[in-house]
Amino acid sequence: MNTDPVSGYQSYDQPAAAPARTPRNPATARRAALTICTIADVAAGLLALWIVLYLLDANQGNAFVEFVHGSADWLGGWAQDIFTMDTEGVRVLLNYGLPAALYLLLGHGIAARLNRA
């Protein structure tokens with residue numbers, strides 16, 4: 001026998017139903033975190049490799065050096081000419097090193113948050 005004054009509403013002696021929520025899969029979060037870390041590491045690695053190739057005066061006509069330079073320009077394009085130094089080596093170090101450091105910090109920070117949640 002239903003004693004509720006209005007059927008369809010929750011009575012006071014019944015616990016509220018929790019909203020349906022998909023359970024979190026920790027393996028999926030770990031894979032996403034690993035993917036983000038890998039992308040950040042590769043981006044920072046390409047930027048660091050360009051800095052090393054530039055400072056060692058690598059042959060700019062070489063296909064590999066051109067690829068690394070083009071990739072570094074694309075990845076660090078937003079930070080170009082933030083620092084305008086007289087010494088070209090220091091300018092390249094700072095203008096490509098800043099994006100590399102930020103990619104590492106952001107990528108690993110997001111990955112740590114995914115692993116923790």
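Residues numbered from 1 in each chain as written. Predicted model: local features only at pLDDT ≥ 70, side-chain atom pairs only at ≥ 80, totals over all residues. Heavy atoms only, no water.

1. So, a nonpolar patch on the surface
Inference 1: Residues W78, I82, L98, L102, L105, L106 and I110 make up a contiguous nonpolar surface patch of roughly 670 Å² in combined accessible area.
Inference 2: Topologically, L98 is positioned in helix 3 (residues 88-116). (Patch = residues over 30% accessible without salt bridge, like charges linked within 9 Å, V, L, I, M, F, W, Y side chains within 5 Å. Areas by Shrake-Rupley, 256 points an atom, 1.4 Å probe, with all protein chains shown as cover. Salt bridge = Lys/Arg side-chain N within 4 Å of Asp/Glu carboxyl O. Helix = DSSP H or I, 4+ residues; strand = E, 2+ residues; numbered from the N terminus.)

2. Description of the environment of A79
Inference 1: Among the secondary structure elements, A79 is positioned in the loop between helix 2 (63-75) and helix 3.
Inference 2: If sequence neighbours within four positions are ignored, A79 has contacts with N95 and P99. (Contact = heavy atoms within 4.5 Å.)

3. Focus: the packing of aromatic side chains
Inference 1: Following the criterion strictly, the structure yields three aromatic pairs and no others.
Inference 2: Between W50 and Y54, the aromatic rings sit 5.8 Å apart at their centres with planes inclined by 55°, giving tilted as the arrangement. Of the two residues, W50 and Y54 both sit in helix 1 (residues 26-55), four residues apart, roughly one turn of that helix.
Inference 3: Residue class for Y54 comes out partly exposed when judged on its relative accessible area of 25%. (Phe/Tyr/Trp six-rings, centres within 6.5 Å; stacked < 30°, edge-to-face > 60°. Buried < 20%, exposed > 50% of the residue type's maximum accessible area, 1.4 Å probe, protein only.)

4. Looking at the pattern of salt bridges
Inference 1: Using the criterion set out here, one finds two salt bridges in the structure.
Inference 2: Across the pair D81 and R91 runs a salt bridge whose closest N-O atoms are separated by 3.7 Å. With D81 in the loop between helix 2 and helix 3 and R91 in helix 3, this residue pair connects regions lying ten residues apart in the sequence.
Inference 3: Given the relative accessible area of 51%, D81 is considered exposed.
Inference 4: Residue classification places R91 among the buried residues on the basis of a relative accessible area of 17%.
Inference 5: Here R91 makes a salt bridge to E88, at a shortest N to O gap of 2.2 Å.

5. A word on the nonpolar core
Among soluble globular proteins, nonpolar side chains are generally buried collectively.
Inference 1: Among the nonpolar cores identified, the biggest contains 15 residues, and L47, W50, L53, V65, A72, L75 and Y96 are the most heavily contacted of them.
Inference 2: At the level of secondary structure, the elements contributing two or more residues to this core comprise helix 1, helix 2 and helix 3.
Inference 3: If you tally residues by element for this core, the top one is helix 1, at seven residues.
Inference 4: Aside from chain neighbours lying at most four places away, what touches Y96 is L47, W50, I51, H69, A72, D73 and Q80. (Core = buried A, V, L, I, M, F, W, Y, C linked by side-chain atoms within 4.5 Å.)

6. Comments concerning the packing of helix 1 against helix 3
Inference 1: Closest axis-to-axis distance for the helix 1/helix 3 pair is 8 Å, and the angle between their directions is 170°. The angle between the axes of helix 1 and helix 3 places the two elements in the roughly antiparallel class.
Inference 2: In terms of residue class, the contact of helix 1 with helix 3 is made up of 23 nonpolar, five polar and three charged. (Axes fitted to C-alpha atoms, helices over the stretch in contact; angles between N-to-C directions. Parallel < 35°, antiparallel > 145°, perpendicular 65-115°, else oblique. Nonpolar A, V, L, I, M, F, W, Y, C, P; charged D, E, K, R; others polar.)

7. Remarks on helix 1
Inference 1: With 30 residues, helix 1 extends 43 Å from end C-alpha to end C-alpha; this agrees with the ideal 44 Å at 1.5 Å per step.
Inference 2: Among the residues of helix 1, A29, A33, C37, A40, A43, A44, L46, L47, W50, I51 and L53 are the ones counted as buried.
Inference 3: Buried residues along helix 1 sit in contact with helix 2 and helix 3.
Inference 4: Positive phi appears at D57, one or two residues downstream of helix 1, with a value of about 60°. (Expected span 1.5 Å × (residues − 1).)

In short, geometric facts, not functional conclusions.
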